[in-house]
Amino acid sequence: MDEAPVFFETSMLDAWLAEDVGFFDLTSTLLEIGTRPARISWVARQPMTLACTEEVARMVGMRGGCATDCLPSGRRVEPGTEIVTARGAAQALLDCWKVGQNLLEYACGVATRTRAMADAAAQANPDVCVLATRKHPPGLRRVAQKAALAGGAFPHRLGLSETVLVFPQHRALLPNGWKDLRQILARRRKHLVEKKIVIEANSYEEAREAARCGADVVQFDKVEPERLAQWCPHLRAEWPRLGLLAAGGIRPDNAAAYAATGVDALVTSSLYFGPPADIGVRIKRDPPRETTTEGHSP
């Protein structure tokens, strides 16, 4: 994977640390160990795809430690792999211990599920794409999206201002439904020279109505793959340039069936929900390393 973009401002990482540390670490203060040299490593306990390792390394540096190794987001690893290692004063490492572990367990869990879905879909249809939605708890968007990218997916829609996506809930507010929608989109088309119009449909007839309204893309919601496999060829024959998406209820175990229907992409939020990745943390004393002078016999 190429060098990861910076998803998180330093202030956000600092806020995560401040939330967990509070005023100070009562335990390490009591034990008088905060200034002792130490080494920490976050370790994969199961096969997984990595995500947000870079943020853990950055947090260590922000606390005065130094990351000595950091495997990149997107890397697949086996159990026992040290994915981030660092050295420094014990307190710097202890401050990052749980914040880093919690971040990695969630992000790597998402990335691992995403990779499983992307691989399953690609086996059935190498041209299909997995798109990750914004359907996650508030405040997690950046973590969720970075993790999904690391696993091989791409964002579906990052916010309301990004794309035009007409849901049935929007149509319900138009007095004449599809007729009004067709007229409005025709009138507003000149304003969408940089955008595509996506309309959600729940049936074959609704998909045809959406295409007649000028949709560039039809997004099917919770339609079984058996039906999509019947509908897609007919829609493509009538509107060759129409994009088709499958959304709703798509998981790693049924991604291949949906990918084989002929849609262009699978839209999913299931990646965000599931067991966390199993990440262990090792901390030990780091005594000063011995040095020798070249040419001097010990």
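Keep in mind that what you see is a predicted model, and the values were worked out from it rather than measured.

Novice: Looking at this structure, I do not really get the overall build of the protein chain. What am I missing?
Specialist: Secondary structure summary: the protein chain contains ten helices and 13 strands in total. Here the protein chain has a C-alpha radius of gyration of 25 Å; the compact-globule value for 298 residues is 19 Å, and the former is much larger. Seen through its principal axes, the protein chain has C-alpha atoms that stretch 85 × 40 × 35 Å. Taken over 298 residues, the protein chain has a buried fraction of 45%. When the accessible area of the protein chain is evaluated, it comes to approximately 16,100 Å², of which 54% is carbon and sulfur surface. If the 37 positive side-chain charges of the protein chain are averaged to one point and the 35 negative ones to another, these points end up 5 Å apart.

Novice: What am I meant to see in a nonpolar patch on the surface here?
Specialist: On the surface, a nonpolar cluster with roughly 450 Å² of combined accessible area is contributed by Phe 23, Phe 24 and Leu 26. Its place among the elements puts Leu 26 in helix 2 (residues 26–31). Judged by relative accessible area, Leu 26 falls into the exposed class, the value being 61%.

Novice: Would you take a moment to explain the nonpolar core for this structure?
Specialist: Generally speaking, soluble globular proteins have nonpolar side chains that are buried together. One finds Trp 42, Ile 83, Ile 199, Val 218, Phe 220 and Leu 266 to be the most contacted residues of the largest nonpolar core, which totals 76 residues. Phe 220 has contacts with Ala 201, Ser 203, Ala 207, Leu 228, Trp 231, Leu 235, Leu 244, Leu 245, Ala 246 and Ala 247, leaving out every residue within four places of it along the chain. Grouped together as the second largest cluster of nonpolar side chains are eight residues, Leu 165, Val 198, Leu 245 and Val 267 included.

Novice: Would you explain helix 3 (residues 53–62) in this entry?
Specialist: Burial within helix 3 is extensive, with seven of its ten residues counted as buried. When we look at burial in helix 3, the residues that qualify are Thr 53, Glu 54, Glu 55, Val 56, Ala 57, Met 59 and Val 60. Residues of helix 3 that are buried sit in contact with helix 1 (10–21), strand 1 (37–44), strand 3 (66–70), strand 5 (82–89), helix 4 (90–124) and helix 5 (141–150).

Novice: In this structure, what is going on with the state of the cysteines? I would like to understand it.
Specialist: Each disulfide consists of one covalent bond between the sulfur atoms belonging to two cysteines. Counted by the stated rule, this structure contains zero disulfides. Cysteine Cys 52 remains unbridged, with the sulfur of Cys 108 as its closest cysteine sulfur at 7.5 Å. We classify Cys 52 as buried; its relative accessible area is 0%.

Novice: Is there a simple way to explain unusual backbone geometry in this structure?
Specialist: Peptide bonds are trans in most cases, and residues, glycine excluded, mostly fall at negative phi. We note that Glu 32 has phi near 55 degrees; this positive angle belongs to a residue other than glycine. Mapped onto the fold, Glu 32 is located in the loop between helix 2 and strand 1. Not every positive phi belongs to a glycine, and Cys 52 is a case in point at roughly 70 degrees.

Novice: Looking at this model, I keep getting lost on the packing of helix 1 against helix 4. Mind explaining?
Specialist: The angle between the axes and the distance between the axes are what describe a pair of packed helices. Relative orientation of the contacting elements helix 1 and helix 4 amounts to 115 degrees, with a least axis distance of 9 Å. Here helix 1 runs over helix 4; the crossing is right-handed. For the pair formed by helix 1 and helix 4, the contact residues are Trp 16, Leu 17, Asp 20 and Val 21 on the first element and Asp 95, Cys 96, Lys 98, Val 99 and Leu 103 on the second. The residue makeup of the contact of helix 1 with helix 4, split by class, is six nonpolar, no polar and three charged.

Novice: Is there a simple way to explain the pattern of salt bridges in this structure?
Specialist: All told, the structure shown has 21 salt bridges when counted by the stated rule. Residue Lys 146 is joined to Glu 54 by a salt bridge in which the shortest nitrogen-to-oxygen separation is 3.0 Å. Within this pair, whereas Lys 146 is found in helix 5, its partner Glu 54 is found in helix 3, the two being separated by 92 residues in sequence. For the pair shown, Lys 146 and Glu 54 are each scored as buried.

Novice: It is not clear to me how the sheet that holds strand 9 (residues 197–201) should be interpreted in this structure. Could you clarify?
Specialist: Each strand in a sheet pairs with its neighbour through backbone hydrogen bonds, running either in the same direction (parallel) or in the opposite one (antiparallel). Read from one edge to the other, the open sheet built from seven strands follows the order 7-6-12-11-10-9-8, with strand pairing classed as parallel. Unpaired on one side and paired on the other, strand 7 (154–155) and strand 8 (164–166) mark the two borders of the sheet. Summarising the sheet, strand 6 (residues 129–132) and strand 12 (residues 265–268) pair through four bridges and their orientation is parallel. By the bridge assignment for strand 12, Ala 132 is matched with Thr 268.

Cut-offs applied
Numbers given for residues are sequential positions, taken from 1 along each chain in its written order. With the structure being a predicted model, the display of local features is reserved for residues of pLDDT at least 70 and the display and counting of side-chain atom pairs for 80 or more, all residues being used for whole-chain, interface and lining totals. Heavy atoms throughout the structure, all of them, feed into the side-chain values; hydrogens and water do not. Working definition: helices are DSSP H or I runs of at least four residues, strands are E runs of at least two. Numbering for both runs from the N terminus. Radius of gyration means the value over C-alpha atoms here, while the globule rule gives 2.2 Å times the residue count to the 0.38 power. Partly exposed residues are those whose accessible area sits between 20% and 50% of the maximum for their type, while under 20% is buried and over 50% is exposed, using a 1.4 Å probe and protein chains only. For the accessible areas, the method is Shrake-Rupley and the probe is 1.4 Å, while residue cover comes only from the protein chains on display. Charged residues are defined here as Lys and Arg on the positive side and Asp and Glu on the negative side; His and the ends of the chain fall outside this count. Note on charges: their place is set at NZ of Lys, CZ of Arg, CG of Asp or CD of Glu. Patch membership needs two things, relative accessible area over 30% and no salt bridge, and members are linked within 9 Å if like-charged or within 5 Å if nonpolar (Val, Leu, Ile, Met, Phe, Trp, Tyr). The salt bridge definition used is simple: a Lys or Arg side-chain nitrogen within 4 Å of an Asp or Glu carboxyl oxygen. What makes a nonpolar core is a set of buried Ala, Val, Leu, Ile, Met, Phe, Trp, Tyr and Cys residues whose side-chain atoms join them at distances within 4.5 Å. By definition in these notes, contact holds between two residues if any of their heavy atoms fall within 4.5 Å. Note that a disulfide, as used here, is simply two cysteine sulfur atoms within 2.5 Å. Lines fitted to C-alpha atoms define the axes here, with helix axes fitted over just the stretch in contact, and angles between the N-to-C directions of these axes take values from 0 to 180 degrees. In a left-handed crossing the near helix is turned counterclockwise from the far helix by less than a right angle, and in a right-handed crossing that turn is clockwise. Polar here means any residue other than Ala, Val, Leu, Ile, Met, Phe, Trp, Tyr, Cys and Pro, which are nonpolar, and Asp, Glu, Lys and Arg, which are charged; Gly is therefore polar. Each pair of strands is called paired provided DSSP finds at least two bridges between the two strands.

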